Amino acid sequence: QVQLVESGGGLVQAGGSLRLSCTASGSVFSINTMGWYRQAPGKERELVAQITSVGSTYYADSVKGRFTISRDNAKNTMYLQMNSLKPDDTAVYYCNAKLTRTVDYWGKGTLVTVSS
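Residues numbered from 1 in each chain as written. Predicted model: local features only at pLDDT ≥ 70, side-chain atom pairs only at ≥ 80, totals over all residues. Heavy atoms only, no water.

Grouped together as the largest cluster of nonpolar side chains are 31 residues, with contacts concentrated most on L4, M34, W36, L80, M82 and Y93. The set of elements that each furnish at least two residues to this core consists of strand 1 (2-7), strand 3 (18-26), strand 4 (34-39), strand 5 (46-51), strand 7 (67-72), strand 8 (77-82), strand 9 (91-98) and strand 11 (110-115). (Core = buried A, V, L, I, M, F, W, Y, C linked by side-chain atoms within 4.5 Å. Buried < 20%, exposed > 50% of the residue type's maximum accessible area, 1.4 Å probe, protein only. Helix = DSSP H or I, 4+ residues; strand = E, 2+ residues; numbered from the N terminus.)

What follows is the structure, given as structure tokens:
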């Protein structure tokens with residue numbers, strides 16, 4: 001079992017920045033890839049960024065150059081630095097931890113609201 005707790009969401013003006021954190025507890029040694037997903041009102045959940053246990057990263061095209069994902073394995077924490085935020089970035093952001101291809105865990109989400 002893995003527990004994930006997100007923090008760092010909030011209200012920010014367009015062009016501003018936020019840093020999200022996701023702290024894992026439990027069987028953290030089993031975690032491989034971690035990622036951030038988001039779900040905007042009326043839309044499906046989408047992958048924003050991922051980072052593997054060795055630091056390889058993936059970004060959705062919509063956030064490339066603006067968001068940076070990182071991971072501190074010593075603190076069992078993953079981060080998402082979000083710069084140049086746009087109103088379209090408004091969503092609930094979820095942390096995900098994958099143990100295997102079929103076993104993963106989710107946090108409860110943190111709301112990011114970007115005002116125009």
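Moving on from the coordinates now.
Another point: the layout of surface pockets. By volume, the largest pocket is sized at about 170 Å³. Along the wall of the largest pocket there are 13 residues; nearest its centre are R38, K43, E46, D88 and D89. When the residues that make up the lining of the largest pocket are grouped by side-chain class, the tally is two nonpolar, three polar and eight charged. (1 Å grid on protein atoms, 1.4 Å probe; cavity = no way out; pocket = protein on both sides within 12 Å on 5 of 7 lines; lining within 4 Å. Points joined across faces, edges and corners; volume = space filled by probe spheres on them. Nonpolar A, V, L, I, M, F, W, Y, C, P; charged D, E, K, R; others polar.)

The phi angle at N76 is positive, at roughly 55 degrees, despite the residue not being glycine. Within the element layout of this structure, N76 appears in the loop between strand 7 and strand 8. Of note in the backbone geometry, S84 takes a positive phi value of approximately 50 degrees without being a glycine.

By the definition in use, this model includes one aromatic pair. Here the aromatic rings of Y37 and W106 are separated by 4.8 Å at their centres, their planes lie at 65 degrees, and the arrangement is edge-to-face. Placement of Y37 in strand 4 and of W106 in strand 10 (residues 104-106) is noted, with a sequence separation of 69 residues between them. Classification of Y37 as buried rests on a relative accessible area of 12%. Here W106 falls in the partly exposed class, since its relative accessible area comes to 36%. Above the plane of the ring of Y94 lies R45, whose end atom (NZ or CZ) is 3.8 Å from the centre. Directly above the aromatic system of W106 lies the positively charged group of R45, at a separation of 4.6 Å from the ring centroid. (Phe/Tyr/Trp six-rings, centres within 6.5 Å; stacked < 30°, edge-to-face > 60°. Lys NZ or Arg CZ within 6 Å of the ring centre and 35° of its normal.)

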